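Listed below, chain by chain, are the residues.
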Amino acid sequence: MIKHLKCTDKTGRVAAIKSVDDNDEVMLISVQGIIIRLNVSGISEIGRNTQGVRVMKLDGGDKLASVVVV
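Just so we're clear, the structure is a prediction, and the values are computed from it rather than from any experiment.

Rules used throughout
Residues numbered from 1 in each chain as written. Predicted model: local features only at pLDDT ≥ 70, side-chain atom pairs only at ≥ 80, totals over all residues. Heavy atoms only, no water. Helix = DSSP H or I, 4+ residues; strand = E, 2+ residues; numbered from the N terminus. Buried < 20%, exposed > 50% of the residue type's maximum accessible area, 1.4 Å probe, protein only. Contact = heavy atoms within 4.5 Å. Salt bridge = Lys/Arg side-chain N within 4 Å of Asp/Glu carboxyl O. Lys, Arg positive; Asp, Glu negative; His and termini not counted. Polar contact = N/O pair within 3.5 Å; in protein donor to acceptor, adjacent residues only side chain to side chain. Core = buried A, V, L, I, M, F, W, Y, C linked by side-chain atoms within 4.5 Å. Pairing = 2+ DSSP bridges. Axes fitted to C-alpha atoms, helices over the stretch in contact; angles between N-to-C directions.

Q: For this particular structure, what's the right way to read the overall build of the protein chain?
A: When helices and strands are counted, the protein chain shows 0 helices and 3 strands. In the protein chain, the succession of helices and strands from N to C terminus is β-β-β. A burial count over the protein chain gives 13% of its 70 residues as buried. Considering only contacts within the protein chain whose residues lie at least 6 apart along the sequence, 58% involve residues at least 24 apart.

Q: Help me understand the pattern of salt bridges, please; the structure alone is not making it clear to me.
A: Any two side chains of opposite charge can pair, on the condition that their charged atoms come close. Using the criterion set out here, one finds 1 salt bridge in the structure. A salt bridge links Arg37 to Glu25, with the nearest nitrogen and oxygen atoms 2.5 Å apart. With Arg37 in strand E2 (residues 35-39) and Glu25 in strand E1 (residues 25-30), this residue pair connects regions lying 12 residues apart in the sequence.

Q: Before we go on, may I ask you to explain the side chain of Asp24 in this structure?
A: The topology assignment puts Asp24 in the segment before E1. Among buried Asp, Glu, Lys and Arg side chains, Asp24 stands out as unpaired, with Arg37 the closest opposite charge at 9.6 Å. A polar contact is formed between the side chain of Asp24 and the backbone nitrogen of Asp21, at a distance of 2.8 Å. Setting aside residues up to four positions removed in sequence, Asp24 forms contacts with Asn39, Val40, Val69 and Val70.

Q: Explanation requested: the nonpolar core in the structure shown.
A: Within soluble globular proteins, side chains that are nonpolar generally end up buried alongside one another. Counting 6 residues, the largest nonpolar core consists of Val26, Leu28, Leu38, Val40, Met56 and Val67. Leaving out residues up to four positions away in the same chain, Leu28 has contacts with Ile34, Ile35, Ile36, Leu38, Val55, Met56, Leu64, Ser66 and Val67.

Q: Honestly, the sheet that holds E1 in this entry has me stumped. Any pointers?
A: As a general point, the strands of a sheet are linked pairwise by backbone hydrogen bonds and lie either parallel or antiparallel. One open sheet accounts for 3 strands, arranged E2-E1-E3; its pairing is antiparallel. Each edge of the sheet is formed by a strand with only one pairing partner; in this case those strands are E2 and strand E3 (64-69). Ignoring strand direction, the axes of neighbouring strands in this sheet form an average angle of 15°. Note that E1 and E2 share 5 bridges and pair antiparallel. Across the sheet, residue Ile29 finds its bridge partner in E2, namely Ile35.

Q: Explain the environment of Leu38 to me, please; I cannot follow it from the model alone.
A: Relative to the elements of secondary structure, Leu38 occurs in strand E2. We classify Leu38 as buried; its relative accessible area is 18%. Spatially, the C-alpha atom of Leu38 lies 8.8 Å from that of Asp24, the residues being 14 residues apart in sequence. Leave out the neighbours within four places in its chain, and Leu38 touches Glu25, Val26, Leu28, Ile43 and Val55.

Below you can see the structure in the form of structure tokens.
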């Protein structure tokens, strides 16, 4: 068994997992209409069994609606 992610009360649940290349971009869209578009190459690369990398900070009641690879 290989453990890939560590979810805690601090990090919360996993919102999305996408397969990408360094040349791709991702768009994150929240329920409240906040959109962030960023280059995948700008996201830190991490090893297995980590707490992940935050790429979008959401307001109190907001949730992630969609993640799209561009």
